[in-house]
Amino acid sequence: MSLPHAILTALLEKPSSGLELTRRFDRSIGYFWSATHQQIYRELGKLERDGLIRALPAQGPARGQKKQYEVLPRGRSELARWTAAPQDPRPLRDPLLLRLRSAAVVGTDGVAEDLHRHLALHRENLANYREIEERDFPPGKDATPDRLRHAVLRAGIDLETFWVGWLEDTLRRLGLPGQDDTP
């Protein structure tokens, strides 16, 4: 049920067309809640049918013009209800961890290469998040909405820091030093 709420959040931040919304997902929300362009467009249709959003009237001739969407009061109320509702943490389900457990039973062929690949990907994500933090959260930017957005980014930074450290440690414990052991 979270994709509609992610879309409502993005549209409350800035009314957008479907294309603009998918681009914003690719650049921000998609770091912690991914969705395909097709899923986003399908959900926009459902939200509009349910009366939570509406397409803004076209400024000129409609042919070839992108539909801009905005959140209606009912959509804002739904997002506020969902935001205030308690939710339990989700259990960790990571295929890499299951594959390592399986490798203990059937052998470790291919495991080292995949651990190195994961390490490189997590290092890249961590560098991207740190760049975003430096660019978007300079000292003094501390209004409550900014602190909440920064908290989400810090969660991403902390998770990537965990994965980089865990992968480096795992590679060392297996006697497989990282290709580049510096984070």
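For the structure itself, consult the block above.
Remember, it's a predicted structure, so these values are computed and weren't measured experimentally.

> Is there a simple way to think about the overall build of the protein chain in this case?
Helix and strand counts for the protein chain come out as seven helices and three strands. Computed over C-alpha atoms, the radius of gyration of the protein chain comes to 21 Å, more than 25% over the 16 Å expected from 2.2 N^0.38 for 183 residues, which places it beyond the range of a compact globule. For the protein chain, the spread of C-alpha atoms along the three principal axes comes to 65 × 45 × 40 Å. Taking all 183 residues of the protein chain together, the buried fraction comes to 31%. Long-range contacts, defined as pairs at least 24 residues apart, comprise 59% of the intrachain contacts of the protein chain with a sequence gap of at least 6. Entry remark: accessible area of the protein chain is about 12500 Å², with carbon and sulfur atoms responsible for 54%. A distance of 7 Å separates the average location of the 28 positive side-chain charges in the protein chain from that of its 26 negative side-chain charges.

> Explanation requested: the nonpolar core in the structure shown.
Nonpolar side chains tend to gather and get buried jointly when the protein is soluble and globular. Counting residues in each nonpolar core, the largest one holds 18 residues, and the members touching the most others are Ile7, Leu11, Leu21, Phe25, Leu44 and Ile53. Elements represented by at least two residues in this core include exactly α1 (2–13), α2 (18–27), α3 (37–49) and β3 (68–71). A total of six residues in this core trace back to one element, the largest contributor, which is α1. In this view, Phe25 contacts Leu3, Ala6, Ile7, Gly30, Tyr31, Trp33, Ala35 and Ile40; residues no more than four positions away in its chain are not counted.

> Whenever I open this one, α2 confuses me. Can you help?
Given 3.6 residues per turn, any residue in an α-helix points the same way as the ones three and four places further on. When α2 is considered as a whole, its buried residues turn out to be Gly18, Leu21, Thr22, Arg24 and Phe25. On an axial view of α2, the arc spanned by its buried residues comes to 160°, and they lie on one face. Those residues of α2 that are buried lie in contact with α1, β1 (16–17), α3 and β3.

> Mind showing me how you'd approach the environment of Ala35 here?
Along the chain, the position of Ala35 falls in the loop between α2 and α3. For Ala35, a relative accessible area of 17% gives the class buried. Separated by 50 residues in sequence, Ala35 and Ala85 place their C-alpha atoms 23 Å apart. Sequence-distant contacts of Ala35, that is, excluding residues within four places in its chain, are made with Leu3, Phe25 and Ile40.

> Explanation requested: a nonpolar patch on the surface in the structure shown.
A cluster of nonpolar side chains, Tyr31, Phe32, Trp33 and Val152, forms an exposed patch at the surface whose accessible area comes to about 380 Å². Within the element layout of this structure, Trp33 appears in the loop between α2 and α3. Its relative accessible area of 31% is what places Trp33 among the partly exposed residues.

> What is the right way to look at the pattern of salt bridges in this model?
For side chains bearing opposite charge, pairing can occur when the charged atoms are close. Within the structure shown, the criterion is met by 12 salt bridges. Close ionic contact of Asp158 with Arg154 constitutes a salt bridge, the shortest N to O distance being 3.1 Å. Pair noted here: Asp158 and Arg154 are both in helix α7 (residues 144–173), with a separation of four residues, about one helical turn. Under the relative-accessibility criterion, Asp158 is labelled partly exposed at 43%. For Arg173, the salt bridge is made with Asp169, and the minimal N-O distance between the two is 2.7 Å. Of this pair, Arg173 and Asp169 both sit in helix α7, four residues apart, roughly one helical turn. For Arg173, a relative accessible area of 68% gives the class exposed. Accessibility expressed as a relative area gives 26% for Asp169, which makes it partly exposed. Several salt bridges converge on common partners, so that one network encompasses Glu13, Arg24, Asp146 and Arg149.

> Any chance you could explain the packing of helix α5 (residues 95–106) against α7 here in plain terms?
Helices that pack against each other are described as a pair by the angle of their axes relative to one another and the distance between those axes. Two elements in contact, α5 and α7, have axes whose closest approach is 14 Å; the angle formed by their N-to-C orientations is 15°. As the angle between them shows, α5 and α7 are arranged roughly parallel. Viewed along their axes, α5 and α7 form a crossing whose handedness is left-handed. On α7, the residues touching Leu96, Leu97 and Leu100 of α5 are Trp163, Trp166 and Leu167.

How each quantity is defined
Residues numbered from 1 in each chain as written. Predicted model: local features only at pLDDT ≥ 70, side-chain atom pairs only at ≥ 80, totals over all residues. Heavy atoms only, no water. Helix = DSSP H or I, 4+ residues; strand = E, 2+ residues; numbered from the N terminus. Rg over C-alpha atoms; globule rule 2.2 N^0.38 Å. Buried < 20%, exposed > 50% of the residue type's maximum accessible area, 1.4 Å probe, protein only. Contact = heavy atoms within 4.5 Å. Areas by Shrake-Rupley, 256 points an atom, 1.4 Å probe, with all protein chains shown as cover. Lys, Arg positive; Asp, Glu negative; His and termini not counted. Charge placed at Lys NZ, Arg CZ, Asp CG, Glu CD. Core = buried A, V, L, I, M, F, W, Y, C linked by side-chain atoms within 4.5 Å. Arc of directions from axis to C-beta. Patch = residues over 30% accessible without salt bridge, like charges linked within 9 Å, V, L, I, M, F, W, Y side chains within 5 Å. Salt bridge = Lys/Arg side-chain N within 4 Å of Asp/Glu carboxyl O. Axes fitted to C-alpha atoms, helices over the stretch in contact; angles between N-to-C directions. Parallel < 35°, antiparallel > 145°, perpendicular 65-115°, else oblique. Left-handed = near helix turned anticlockwise from the far one by under 90°.

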